[in-house]
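# Observations on chain architecture
What follows is each chain in one-letter form.
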Amino acid sequence: MRNDKILREKFIKYYSPIFEEELIKQILEIGNFDKIKAGELLVDIGDDLTHIPLIFEGAVKVIRQAKEGGELALYYLKPGDTCAISFINCIETKKSVFEALIESDLEAVFVPVDKIDEWLVKYKSWRRYIIDSYHFRLMGMLESIDDLAFKGLHERLIKYLVEKANRSNKKTIQITHQEIANDLNTSRVVITRIMKQLQDEGKIISTRNKIKVLRLD
DNA sequence: ACATTAAGTGATT
DNA sequence: AATCACTTAATGT
């Protein structure tokens, strides 16, 4: 539509080692290249999914929402990822059962549904990519279930902070206790208390809207 | 200066 | 580990 040149170059750089040339050409021709700002809602529950994103910058948080208020961060999409869950949604023309929020400024190419299906037959690298994506998403969710079932909040919080810091490659993350509580499906007070404990142990420095992760990874 | 939002805390379940 | 009820601190207008 407009000046996508930089995005296209970035896409090529990231995906040409994975996809065969012909497929790259196809995506360049058909895909919608887009940038989306952090904080925006990419997919809401009930949305029709017409495209899947191939990400090459930023991160997306996929959230499960309970009917009555509760929510839980399930997994995160990073550069190189796509969400094959949305792919099956597309094929079945069902509505999304998850919410997807842009965690950090996103750059991705959006591929329409019908092409996904077509390429599965046509390109080996695409098949590999989609199948792997399924696998990774499943493992991501399994990990979330394990954490929820077998780990205490203390441990879950540490992991949350470390992973969040790693995703952005920064030691200092910008977030409130309330937001963390939402992602972990607990209350703010509990997060505040554990946070204080971690601070006393010298593992983090917590100030308003900011947490500096010191020695955890 | 005042209002709003984030974080800290004791007591109770 | 959750909830309540309140306090204190930081920030925006």
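All values reported here derive from a predicted model rather than from experimental measurement.

Reports of interface size often rely on the accessible area that becomes lost once the parts have come together. Assigned domains within chain A: domain 1 (5-149) and domain 2 (151-213). The gap between the C-alpha centroids of domain 1 and domain 2 is 27 Å. Facing 14 residues of domain 1, the contacting portion of domain 2 comprises 11 residues. Carbon and sulfur atoms make up 39% of the area that domain 1 and domain 2 hide from each other, which totals about 1000 Å².

Turning our eyes to something else, we now look at unusual backbone geometry. Here Asn185, not a glycine, exhibits a phi torsion of approximately 55°, which is positive. Examined against the element boundaries, Asn185 turns out to sit in the loop between helix H7 (177-184) and helix H8 (188-200). Phi at Asn209 takes a positive value of approximately 65°, unusual for a residue other than glycine. In this fold, Asn209 is placed in the loop between strand S7 (204-207) and strand S8 (210-213).

Here we take up the nonpolar core. In this structure, Phe11, Tyr15, Phe19, Ile27, Leu54 and Trp126 are the most contacted members of the largest nonpolar core, which totals 22 residues. Elements that contribute at least two residues to this core include exactly helix H1 (5-15), helix H2 (21-30), strand S3 (51-65), strand S5 (99-112), helix H4 (113-122) and helix H5 (124-150). Excluding residues within four positions of it along the chain, Leu54 makes contact with Phe11, Tyr15, Phe19, Ile27, Asp81, Thr82, Glu107, Ala108, Val109, Val111, Trp126 and Tyr129. If you look at the next biggest cluster of nonpolar residues, it comprises 20 residues, including Ile158, Leu184, Ile194 and Leu198.

Take Glu143: it is sitting in helix H5. C-alpha of Glu143 to C-alpha of Gly39: the two residues are 104 residues apart in sequence and 25 Å apart in space. Sequence-distant contacts of Glu143, that is, excluding residues within four places in its chain, are made with Lys159 and Glu163.

Let us now look at the sheet that holds S8. One open sheet holds the three strands; their spatial order is S6-S8-S7, and the pairing between them is antiparallel. A strand with exactly one partner marks an edge of an open sheet, and here the two such strands are strand S6 (172-174) and S7. Going across the sheet, the axis of each strand differs from the next one's by a mean of 15°, ignoring polarity. Together, S7 and S8 form the strand contacts of H8, whose direction differs from that of S7 by roughly 130°.

Okay, the protein's contact with DNA strand C next. Around DNA strand C, the structure places Gly152, Leu153, Thr186, Ser187, Val189, Val190, Arg193 and Arg208. Close to the protein, within 4 Å, the atoms of DNA strand C are drawn from sugar and phosphate at a rate of 65%. At 3.2 Å from a phosphate oxygen of DNA strand C is found a main-chain nitrogen or oxygen belonging to Leu153.

The environment of DNA strand B is formed by Thr176, His177, Arg188, Val189, Thr192, Arg193, Lys196, Arg208 and Asn209. Here DNA strand B approaches the protein such that, of its atoms within 4 Å, sugar and phosphate make up 40%. A distance of 2.9 Å separates a phosphate oxygen of DNA strand B from a polar backbone atom of His177. A distance of 2.2 Å is found between a base oxygen of DNA strand B and a side-chain nitrogen or oxygen belonging to Arg208. Ranked by the residues each element gives to the surface near DNA strand B, the list is headed by H8, at five residues. In terms of residue class, the surface near DNA strand B is made up of one nonpolar, four polar and four charged.

About the cut-offs
Residues numbered from 1 in each chain as written. Chains lettered and ligands numbered in written order. Predicted model: local features only at pLDDT ≥ 70, side-chain atom pairs only at ≥ 80, totals over all residues. Heavy atoms only, no water. Domains from an automatic or database assignment. Contact = heavy atoms within 4.5 Å. Buried area = accessible area lost by both parts, 1.4 Å probe. Helix = DSSP H or I, 4+ residues; strand = E, 2+ residues; numbered from the N terminus. Core = buried A, V, L, I, M, F, W, Y, C linked by side-chain atoms within 4.5 Å. Buried < 20%, exposed > 50% of the residue type's maximum accessible area, 1.4 Å probe, protein only. Pairing = 2+ DSSP bridges. Axes fitted to C-alpha atoms, helices over the stretch in contact; angles between N-to-C directions. Near = heavy atom within 4 Å. Polar contact = N/O pair within 3.5 Å; in protein donor to acceptor, adjacent residues only side chain to side chain. Nonpolar A, V, L, I, M, F, W, Y, C, P; charged D, E, K, R; others polar.

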